[in-house]
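Below are the chains, spelled out letter by letter.
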Amino acid sequence: MAKATTIKEALARWEEKNSLKASEAKEVKLYAQVPPVEKMDASLSTLVNCEKLSLSTNCIEKIANLNGLKNLRILSLGRNNIKNLNGLEAVGDTLEELWISYNFIEKLKGIHVMKKLKILYMSNNLVKDWTEFVRLADLPLLEDLVFVGNPLEEKYSADQQSNWVEEATKRVPRLKKLDGIPVIKQEEGEEGEN
């Protein structure tokens with residue numbers, strides 16, 4: 001089998017294709033490398049101006065080496081083999097969007113470091129209980145969440161007696177959008193009014 005593509009090799013290909021130095025770019029797309037990237041190595045720290053980084057559709061198992069990305073606002077890691085959210089501390093003060101659907105995440109430990117996160121797309125992961133989901137309430141700016149395809153959401157959506165949106169927004173009240181649908185909250189005192 002072919003040896004994995006390193007971040008350094010992926011960046012060299014990107015620079016050749018885009019006729020631009022990766023260190024100067026605001027957006028870098030390293031998704032679907034052939035052979036796939038398996039490690040977020042130290043070469044990522046050269047992306048000092050990067051605001052949007054895509055590493056989707058690779059075989060990455062661990063989030064790492066984001067310390068040099070002081071301007072990173074959007075990180076796309078969907079369709080990898082990531083099992084937890086450790087490694088995000090370095091971008092906790094800048095990251096506004098995290099796209100991490102189709103991975104193997106069961107626990108949301110470590111998510112609380114994301115002080116500016118507004119959008120979290122984490123559908124089709126393995127979160128199965130409310131104790132993990134409630135960690136999302138620690139994100140002061142989170143307003144758009146895609147959580148469909150997690151065992152917790154599937155269990156509640158399949159149960160005719162429960163309302164997934166109601167249960168989820170009760171636990172994370174700031175949400176404005178859940179699974180692509182705007183959350184409409186009944187304001188107190190509004191119920192009987194016309």
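As shown above, the structure is provided for reference.
What this report covers is the structure whose coordinates are included nearby. (Residues numbered from 1 in each chain as written. Predicted model: local features only at pLDDT ≥ 70, side-chain atom pairs only at ≥ 80, totals over all residues. Heavy atoms only, no water.)

## A word on the overall build of the protein
Across its full length, the protein carries four helices and eight strands. In the protein, the succession of α and β elements from N to C terminus is α-β-β-β-β-β-α-β-α-α-β-β. The principal-axis extent of the C-alpha atoms belonging to the protein is close to 65 × 35 × 25 Å. Relative to its full complement of 194 residues, the protein shows a buried share of 43%. (Helix = DSSP H or I, 4+ residues; strand = E, 2+ residues; numbered from the N terminus. Buried < 20%, exposed > 50% of the residue type's maximum accessible area, 1.4 Å probe, protein only.)

## Points about the nonpolar core
Counting residues in each nonpolar core, the largest one holds 53 residues, and the members touching the most others are Leu53, Leu88, Ile100, Leu120, Phe133 and Leu136. Looking at this core, the elements that each hand over two or more residues are helix 1 (7-18), helix 2 (130-133), helix 3 (151-158) and helix 4 (164-171). Looking at this core element by element, the count peaks at four residues for helix 1. Sequence-distant contacts of Leu120, defined by excluding residues within four places in its chain, comprise Leu98, Ile100, Ile111, Leu136, Leu142, Asp144, Leu145 and Val146. (Core = buried A, V, L, I, M, F, W, Y, C linked by side-chain atoms within 4.5 Å. Contact = heavy atoms within 4.5 Å.)

## Let's talk about helix 1
Spanning twelve residues, helix 1 covers 16 Å between terminal C-alpha atoms, matching the ideal 16 Å at 1.5 Å per step. Among the residues of helix 1, those classed as buried are Ile7, Ala10, Leu11 and Trp14. Buried positions in helix 1, seen along its axis, are confined to an arc of 100° and lie on one side of it. When the buried face of helix 1 is taken as reference, the exposed residues oriented beyond 90 degrees from it are Lys8 and Glu16. Taken together, the buried residues of helix 1 touch strand 1 (27-29). Just beyond helix 1, the residue with positive phi is Ser19, at close to 50°. (Expected span 1.5 Å × (residues − 1). Arc of directions from axis to C-beta.)

## Points about the side chain of Ser43
Here Ser43 shows up in the loop between strand 1 and strand 2 (52-54). Using a relative accessible area of 18% as the deciding quantity, one classes Ser43 as buried. The residues touching Ser43, leaving out its near neighbours within four places in the chain, are Ile7, Lys8 and Leu11.

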